[in-house]
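Okay, here's what each chain looks like letter by letter:
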Amino acid sequence: MTKAITAAQMKHYDQYTINTIGIPSMVLMERASLALRDEILKQYPQAQNITIVAGSGNNGGDGLCVARLLQIAGKHTTVIEAGNPNHFSEEHRAQAKTCDYYRIPQLTTLDTIDSADLLVDAIFGIGIDREVRDPYASIINQMNAASAPIIAVDVPSGINTDTGEVLGTAIKADTTVTFTFNKIGLTTKNGQQYAGRIVVADDMGTYATD
Ligand SMILES: NC(=O)C1=CN([C@@H]2O[C@H](COP(=O)(O)OP(=O)(O)OC[C@H]3O[C@@H](n4cnc5c(N)ncnc54)[C@H](O)[C@@H]3O)[C@@H](O)[C@H]2O)[C@@H](O)CC1
Ligand SMILES: [K+]
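About the thresholds
Residues numbered from 1 in each chain as written. Chains lettered and ligands numbered in written order. Predicted model: local features only at pLDDT ≥ 70, side-chain atom pairs only at ≥ 80, totals over all residues. Heavy atoms only, no water. Helix = DSSP H or I, 4+ residues; strand = E, 2+ residues; numbered from the N terminus. Buried < 20%, exposed > 50% of the residue type's maximum accessible area, 1.4 Å probe, protein only. Salt bridge = Lys/Arg side-chain N within 4 Å of Asp/Glu carboxyl O. 1 Å grid on protein atoms, 1.4 Å probe; cavity = no way out; pocket = protein on both sides within 12 Å on 5 of 7 lines; lining within 4 Å. Points joined across faces, edges and corners; volume = space filled by probe spheres on them. Contact = heavy atoms within 4.5 Å. Axes fitted to C-alpha atoms, helices over the stretch in contact; angles between N-to-C directions. Parallel < 35°, antiparallel > 145°, perpendicular 65-115°, else oblique. Left-handed = near helix turned anticlockwise from the far one by under 90°. Nonpolar A, V, L, I, M, F, W, Y, C, P; charged D, E, K, R; others polar. Donors = N, O, S within 2.8 Å, 3.2 Å for Na, K, Ca; no water. Tetrahedral: all angles 85-135°; square planar, octahedral: opposite > 155°, others 65-115°.

A.B. asks: Outline unusual backbone geometry, listing residues and values.
C.D. replies: Trans is the common state for peptide bonds, and a negative phi is the common state for residues other than glycine. Cis rather than trans, the peptide bond between Asp-134 and Pro-135 has omega equal to 10°. Relative to the elements of secondary structure, Pro-135 occurs in the loop between β5 (118-122) and α5 (136-145). You will see that Arg-103, though not glycine, has its phi angle at about 55°, which is positive. With respect to the helices, strands and loops of the structure, Arg-103 is situated in the loop between α4 (90-101) and β4 (106-107). The exposure class of Arg-103 is exposed, given its relative accessible area of 74%. Residues other than glycine seldom take positive phi values, yet Thr-180 does so here, at roughly 70°. Looking at where Thr-180 falls in the secondary structure, it is placed in the loop between β7 (175-179) and β8 (182-183). Judged by relative accessible area, which is 8%, Thr-180 ranks as buried.

Structure (structure tokens):
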């Protein structure tokens, strides 16, 4: 069984890799998203219309990045920007600008959730730190009610990374691609129920040490 860690440990590893080793945050994001793209193409080869629902942080940044990678791979991708633009992380902004270049629609309406072949949950990752309320709760409920399978980025949105507890409402994923190490919350019974099949993408460039 692979090692499982907390959100704080993962943040520490990311910061060490970025600040001490000098691998830029955007490089880590690209590598995480490449792993995610590969898993999507492998598991859902028939999916043509893919809707990515992005939050304002770097989990959303991963979502925007994989939207570009999937578009380049021949898929039709649409991003729903669920987060507040005033709170976009630096990496999120940079990824959104690149999506503009590729003319990937970045919507603030939820229309494509019900018509997508595949939904990518990039709302919250290890940065979730409180209960999920509207508008996020309604968006998550609509995604869970849609017929398309859901692939979650790093952690199903709404799940506490460390305990697996549902923070009000959570994405019920078919697959979760989690980065570098599994997360302790995803090893709990509850976390496993929400994460579905868990894929640990462990070759994304983050240097991890005990
Ligand atoms: N360089 C990096 O930092 C990397 C980050 N990665 C991705 O980035 C994620 C972590 O990114 P962040 O630290 O930006 O965190 P998240 O993107 O998980 O979420 C942070 C944002 O959500 C808000 N938020 C948290 N809980 C909320 C709630 N219940 N309701 C409303 N808003 C809420 C926070 O205020 C913040 O704006 C990882 O899970 C992973 O997917 C990967 O790309 C690898 C590299
Ligand atoms: K997520």
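Having seen the model, we can carry on.
A.B. asks: How would you explain the pattern of salt bridges if you had to name every residue and give the values?
C.D. replies: Scanning the model with the defined rule gives 6 salt bridges in all. Arg-37 is paired through a salt bridge with Asp-38; the nearest N and O atoms lie 2.9 Å apart. Of the residues examined, Asp-38 reaches a relative accessible area of 40% and is grouped as partly exposed. The closest approach of N and O atoms between Glu-39 and Lys-42, which form a salt bridge, is 3.9 Å.

A.B. asks: Describe the layout of surface pockets, listing the residues and the values that go with them.
C.D. replies: Its boundaries defined by the atoms lining it, the largest pocket holds a volume of some 920 Å³. Contributing to the lining of the largest pocket are 35 residues, with Gly-57, Asn-58, Asn-59, Gly-125 and Gly-127 lying nearest its centre. At 5 residues, helix α1 (residues 7-21) tops the list of elements feeding residues into the lining of the largest pocket.

A.B. asks: Break down the side chain of Ser-56 for me, citing the residues and quoting the values.
C.D. replies: Topologically, Ser-56 is positioned in the loop between β2 (49-54) and α3 (58-72). If we skip the residues at most four places from it in the chain, Ser-56 touches Gly-83, Asn-84, His-87, Phe-88, Ser-89 and His-92.

A.B. asks: Pulling in residues and values, what's your account of the packing of helix α2 (residues 25-43) against α4?
C.D. replies: At a minimum axis separation of 11 Å, α2 and α4 run at an interaxial angle of 60°. Taken together, α2 and α4 sit at an angle that is classed as oblique. Between α2 and α4 lies a crossing whose hand is right-handed. Facing Ser-25, Met-26 and Met-29 of α2, the residues of α4 in contact are Glu-91, Ala-94 and Gln-95. Taken together, the residues of the contact of α2 with α4 sort by class into 3 nonpolar, 2 polar and 1 charged.

A.B. asks: Give a description of the coordination of the potassium ion (ligand 2) that names residues and reports values.
C.D. replies: Protein ligation of the potassium ion (ligand 2) involves Asn-59 (OD1), Asp-121 (O), Phe-124 (O), Val-153 (O), Val-155 (O) and Ser-157 (OG), the donor distances falling in the range 2.6 to 3.2 Å. Taken together, the 6 donor atoms coordinating the potassium ion (ligand 2) span angles of 65 to 168° at the metal, a pattern that classifies the geometry as irregular. Mapping the donors of the potassium ion (ligand 2) onto the primary sequence yields the spacing N-x61-D-x2-F-x28-V-x1-V-x1-S. Of this pair, Asn-59 sits in helix α3 while Asp-121 sits in strand β5, and the two are 62 residues apart along the sequence. Residue Asn-59 is classed as buried on the basis of its relative accessible area, which comes to 9%.

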